[in-house]
Amino acid sequence: MKLKYGLWLLLLLCELNIFAQTRSLTLPTDTADTWQVSLITCGPGVEVYNQFGHTAIRMKNVSRNIDLIYNYGIFSFNTPNFVLRFTLGKTDYLLGIQAYQDFVDWYAYCNRDVREQVLNLSIEEKNTLIGLLNENYKPQNRTYRYNFFYDNCATRPRDLIEKCLQSKLQYADDMTTTSTGQSFRSIVHEFTANNSWSQFGIDLCLGSEADKPISRRAMMFIPLYLEKYFDKASILPHERNNNSSREKNKNLVGEKSNGTYPLITESKQLVTIPETDKVQKDTPFTPFRCATFMFIVATVLTIYEIRSRKSMWGFDLILFTAAGIAGCMLAFLAASSISLSAAPSLAIPIFSLIVSWNSQVSCVTNASFSLRDFVLISLMFKSFFISAS
């Protein structure tokens, strides 16, 4: 318990350190090639909010003794109605600045890998990025409306880097086709494979839109996919018909045989965590096993009710109250959320059917009620199976 509180205290201190940075901080541009710009990728954590990894931008200038991390993943649990706002897709995140070493030390302490990809940018492109970061860090611009799939800590750095390179960035793969065999839900499953309850909860909230095929560009909402596609990307050279363009190309390194340059000049492993320390063991009480247990209990009670001609109304009360609450929550998300949970979900009609059927009152025998319960618990079991599989 003390360790847990110690971790939270350290997290709080790190957050305070970020906000302790002077609010007027502005990175200076430079006519010489003194800046090194890197994409930082952090491995997945074990908590729900960090199990998909993290991305940040490192700005390093040895001559000016500057080494900072620009982090678009800052949020506070103390925000009023944080959980509700996060569920509804109305959470505000902000851009924070942190000392590079503090950032790396924190992720090492949390047993998370950290990798660095040095970007192959010209002086002009680096200065453009500095201007964009300075503009983003202004107090009136730091906060943005977070969207897990479309606007997060990975997509923001990607968009800034693409803006600096304009049309010169060339990915090795077709980034627009949706023939990838992947969907938002399948990628979520990939990163929640060892956390069945997290996967189950996310599955219930996600609507059918999350099952549509997505492009490789859309897959870059996950930091590890952004890292993967940046690693194979290239930069088209500046036109060589004038001295200015030749000067810009001179700052780029690693020219390929086809005249392009690699986007990444160097990849570094900053923090390496042994695989044995990263493995997260799932609870034995998975959603599927719990649903199976409920199904067995309902089956036994149904047989008992039919034979004894008695009604187990207490079990009915618990079962249908839970189903009613689940249905109401899902309907609320579908009506109010601006995220993918706003799309129609298979779970909503299933739970709605359970509640509406249970609300019908008629003069039937106890055995009929028992058969009804058996059918309804089967439907619930099926819904749990869909989400858990």
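An account of the accompanying structure is given in this report. (Residues numbered from 1 in each chain as written. Predicted model: local features only at pLDDT ≥ 70, side-chain atom pairs only at ≥ 80, totals over all residues. Heavy atoms only, no water.)

Notes on the pattern of salt bridges
Part 1: Inspection of every chain in the model, using the stated rule, returns 16 salt bridges.
Part 2: Between Arg 158 and Asp 159 there is a salt bridge whose closest N-O contact spans 3.0 Å.
Part 3: Owing to a relative accessible area of 7%, Arg 158 belongs among the buried residues under this scheme.
Part 4: A salt bridge links Lys 212 to Glu 209; the nearest nitrogen and oxygen atoms lie 2.8 Å apart.
Part 5: A single salt-bridge network, built from bridges that share partners, covers Arg 158, Asp 159, Glu 162 and Arg 217. (Salt bridge = Lys/Arg side-chain N within 4 Å of Asp/Glu carboxyl O. Buried < 20%, exposed > 50% of the residue type's maximum accessible area, 1.4 Å probe, protein only.)

Concerning the packing of helix H4 (residues 123–136) against helix H5 (residues 155–165)
Part 1: Where H4 meets H5, the closest approach of the two axes is 9 Å, and the angle between their N-to-C directions is 135°. Classed by the angle they form, the pair H4 and H5 counts as oblique. As H4 runs across H5, the sense of the crossing is right-handed. Here Glu 125, Thr 128, Leu 129, Leu 132, Leu 133 and Asn 136 of H4 lie close against H5, whose contacting residues are Leu 160, Lys 163, Cys 164 and Leu 165.
Part 2: A class-by-class count of the residues in the contact of H4 with H5 yields six nonpolar, two polar and two charged. (Axes fitted to C-alpha atoms, helices over the stretch in contact; angles between N-to-C directions. Helix = DSSP H or I, 4+ residues; strand = E, 2+ residues; numbered from the N terminus. Parallel < 35°, antiparallel > 145°, perpendicular 65-115°, else oblique. Left-handed = near helix turned anticlockwise from the far one by under 90°. Contact = heavy atoms within 4.5 Å. Nonpolar A, V, L, I, M, F, W, Y, C, P; charged D, E, K, R; others polar.)

Comments concerning the side chain of Ser 215
Part 1: If you trace the backbone, Ser 215 turns up in the loop between helix H7 (196–205) and helix H8 (216–219).
Part 2: Judged by relative accessible area, which is 12%, Ser 215 ranks as buried.

Considering H5
Part 1: By the criterion of burial, H5 is predominantly enclosed, with eight of the eleven residues buried.
Part 2: Residues of H5 that are buried: Thr 155, Pro 157, Arg 158, Leu 160, Ile 161, Glu 162, Cys 164 and Leu 165.
Part 3: One or two positions beyond H5, positive phi appears at Gln 166, with a value near 55°.

Looking at helix H12 (residues 287–308)
Part 1: Along its 22 residues, H12 runs 31 Å from first to last C-alpha, staying within 8% of the 32 Å computed at 1.5 Å per residue.
Part 2: Buried within H12 we find Pro 287, Ala 291, Ala 298, Leu 301, Thr 302 and Glu 305. For H12, the arc enclosing every buried residue in end-on projection is 110°, short of the 170-degree limit, so these residues lie on one face. In H12, the exposed residues that point more than 90 degrees away from the buried face are Arg 289, Phe 293, Val 300 and Arg 307.
Part 3: The positive-phi residue at the C-terminal boundary of H12 is Arg 309, with phi of around 55°. (Expected span 1.5 Å × (residues − 1). Arc of directions from axis to C-beta.)

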